[in-house]
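Coordinate inspection notes
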Amino acid sequence: MDLNDYPQEGVSISWKPVALVAGVVLLILLLVFVGFRVFYNSQDDLLLSQTVGSQEVSNASTKCELAENEATCLLSVMTDLAQAHTSSEVCDTIESTQGKDNCYWAIARSAEDVLYCQGIEEPAWQLDCVDGVYQDIALRTRDVTSCSLITNSLKRSRCEKTLSVPLTYETCVAQGSSAECEDLRLQDLADDSLDRIYCDQMSDELNRDTCLEFVLTSISEQDTEPSVQDEDSDGDGLTDLEESEYGTDPLNPDTDGDGYSDGDEVASGYDPNGPGLLE
């Protein structure tokens, strides 16, 4: 007789234990993933709090809740916070790419460290950032060798030109460079009066920046009493020295007459001299 003639019993397989095991495995994987994310985020928060301080970050967020444009205000405040602490971690909390790039640019220039420029995602901006840092170093130290590190040939030439032996106004007139002569005349007036209004009238941007740097540095280094330096004549939240830096009227709490005090506008990232954001 053929074995196939005998009835064969079917093999019964229960899927319940298999499903249970699979469910347990998936649950474990999910818990591991969630745990990793929590740990990763907590490490980021810890690093940020160690660098800046969680209270400062919280205050920055709270400060902008009532601002007309909360996103713009927060971007400005966080960038200022990053500059104050030279913290790239603060820049990394900014969501927009442009805002983050601006933040890295700001701390690179304030710290005079080209390494921070590497955090900028836009290649062209990254190169501009590096050139800007070397230009700032050259202007501050009056060392023309720093100009040679600038990759943009036009900027490098202007940097070297600015730091070369300065022309007198008379020599300049003799050479026939009217625009440059006028800038030299304005520079002399700014040097004598320490008034930035003369710098603002300069036609050459680099000359204007150099003039402003000299005026503001000279004002801050003047031997004045602390009470005078901290004086806020119009009570708008900006000291008279800060009013000079922003170009606002130290005797008028609302220079542009828009209903907001100069101090509140600066704190929210707006230009106290008129419409638009603070540059």
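Conventions and cut-offs
- Residues numbered from 1 in each chain as written.
- Predicted model: local features only at pLDDT ≥ 70, side-chain atom pairs only at ≥ 80, totals over all residues.
- Heavy atoms only, no water.
- Core = buried A, V, L, I, M, F, W, Y, C linked by side-chain atoms within 4.5 Å.
- Buried < 20%, exposed > 50% of the residue type's maximum accessible area, 1.4 Å probe, protein only.
- Helix = DSSP H or I, 4+ residues; strand = E, 2+ residues; numbered from the N terminus.
- Contact = heavy atoms within 4.5 Å.
- Axes fitted to C-alpha atoms, helices over the stretch in contact; angles between N-to-C directions.
- Parallel < 35°, antiparallel > 145°, perpendicular 65-115°, else oblique.
- Left-handed = near helix turned anticlockwise from the far one by under 90°.
- Nonpolar A, V, L, I, M, F, W, Y, C, P; charged D, E, K, R; others polar.
- Salt bridge = Lys/Arg side-chain N within 4 Å of Asp/Glu carboxyl O.
- Disulfide = S-S within 2.5 Å.

Regarding the nonpolar core
Core analysis: the biggest nonpolar cluster contains 15 residues, and Ala82, Cys91, Cys129 and Val133 have the highest contact counts within it. Per-element accounting of this core gives the leading share, four residues, to helix H5 (residues 97–111). Setting aside residues no more than four positions away along its own chain, Cys129 makes contact with Trp105, Ala108, Arg109, Cys117 and Ile120. Residues Leu186, Leu194, Cys199 and Met202 belong to the second largest nonpolar core, which totals nine residues.

Let's talk about the packing of H5 against helix H6 (residues 123–141)
Packing of H5 against H6 brings their axes to within 9 Å, and their N-to-C directions diverge by 20°. With respect to H6, the element H5 is oriented roughly parallel. Between H5 and H6 lies a crossing whose hand is right-handed. Between H5, through Gln98, Asp101, Asn102, Trp105, Ala108 and Arg109, and H6, the contact on the second element is made entirely by Trp125, Asp128, Cys129, Gly132, Val133 and Asp136. In the contact of H5 with H6, the residues fall into five nonpolar, three polar and four charged.

Side note on the pattern of salt bridges
A complete count under the given rule lists four salt bridges for this structure. Taking the shortest distance from any N to any O, the salt bridge between Arg109 and Asp136 comes out at 2.4 Å. Taken together, the positions of Arg109 in helix H5 and Asp136 in helix H6 put the pair 27 residues apart, joining distant regions of the chain. For Lys155, the salt bridge goes to Asp128, with nearest N and O atoms at 3.4 Å. Taken together, the positions of Lys155 in helix H7 (residues 153–163) and Asp128 in helix H6 put the pair 27 residues apart, joining distant regions of the chain. The exposure class of Lys155 is partly exposed, given its relative accessible area of 28%. Classification of Asp128 as partly exposed rests on a relative accessible area of 28%.

Remarks on the state of the cysteines
This model, assessed by the stated rule, comprises four disulfides. A sulfur-sulfur distance of 2.0 Å marks the disulfide that ties Cys91 to Cys103. Judged by the torsion about the S-S bond (-75°), the Cys91/Cys103 disulfide is left-handed. In this pair, Cys91 is assigned in helix H4 (residues 88–92) and Cys103 in helix H5, connecting sequence segments twelve residues apart. With respect to burial, Cys91 and Cys103 carry one shared label: buried. Note that Cys199 is cross-linked by a disulfide to Cys211, the S-S spacing being 1.9 Å. The sign of the -65° torsion about the S-S bond sets the Cys199-Cys211 disulfide as left-handed. On the criterion of sequence distance, the pair formed by Cys199 in helix H10 (residues 197–200) and Cys211 in helix H11 (residues 205–221) is long-range, its members being twelve residues apart. Of the residues examined, Cys199 reaches a relative accessible area of 0% and is grouped as buried.

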